[in-house]
Amino acid sequence: EETGLLLYTARFLEFLIDLLSQIPTRRFVRTFLDDRAVSVKCKLSPLYSHPNGSLFIQLLDLLRYYITFQINDHTGMQLTDE
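Residues numbered from 1 in each chain as written. Predicted model: local features only at pLDDT ≥ 70, side-chain atom pairs only at ≥ 80, totals over all residues. Heavy atoms only, no water.

**Section: the environment of Thr 80**
So, step 1. Its location among the elements puts Thr 80 in the segment after helix H4 (54-67).
So, step 2. The class for Thr 80 is exposed, based on a relative accessible area of 55%.
So, step 3. In sequence terms Thr 80 and Pro 24 are 56 residues apart; their C-alpha atoms lie 21 Å from each other. (Helix = DSSP H or I, 4+ residues; strand = E, 2+ residues; numbered from the N terminus. Buried < 20%, exposed > 50% of the residue type's maximum accessible area, 1.4 Å probe, protein only.)

**Structural notes on the packing of aromatic side chains**
So, step 1. Considering all chains together, one arrives at five aromatic pairs under this definition.
So, step 2. Aromatic side chains Tyr 8 and Phe 12 sit 6.4 Å apart centroid to centroid with 15 degrees between the ring planes, which places their arrangement in the stacked category. Remark: Phe 12 and Tyr 8 occur in helix H1 (residues 2-20); sequence separation between them is four residues, near one turn of the helix.
So, step 3. Relative accessible area serves as the criterion here: at 57%, Tyr 8 is assigned to the exposed category.
So, step 4. For Phe 12, a relative accessible area of 39% gives the class partly exposed.
So, step 5. The interplanar angle of 40 degrees and the centroid separation of 6.4 Å between the aromatic rings of Phe 12 and Phe 15 together place this pair among those described as tilted. (Phe/Tyr/Trp six-rings, centres within 6.5 Å; stacked < 30°, edge-to-face > 60°.)

**As for helix H2 (residues 23-36)**
So, step 1. The end-to-end C-alpha distance of H2 is 20 Å, a good match for the 20 Å that 14 residues give at a rise of 1.5 Å each.
So, step 2. Where H2 bends most, at Val 29, the angle is about 25 degrees.
So, step 3. Turning to H2, its buried residues number three or more, namely Arg 26, Val 29 and Leu 33.
So, step 4. On its buried face, H2 sits against H1, helix H3 (38-44) and H4. (Expected span 1.5 Å × (residues − 1). Bend = angle between axes of the 7 residues up to and from the residue. Contact = heavy atoms within 4.5 Å.)

What follows is the structure, encoded as structure tokens:
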């Protein structure tokens, strides 16, 4: 049963990453994930320090990368420092 839960969690993080990587869904999903502090809650979860949680940690790092990706959520243009 534990393996099934690990697999489900990994697949769900992959789903969130897919939604963040596409401009039409990113603008809504990113706002929701930020509002619910999903990445913080994942990092504080017991799975983050679980011996079999290496895939979870890798996917969480990828999720954080896409959450903070420097792109305008509405236009898809790269954000600049100007």
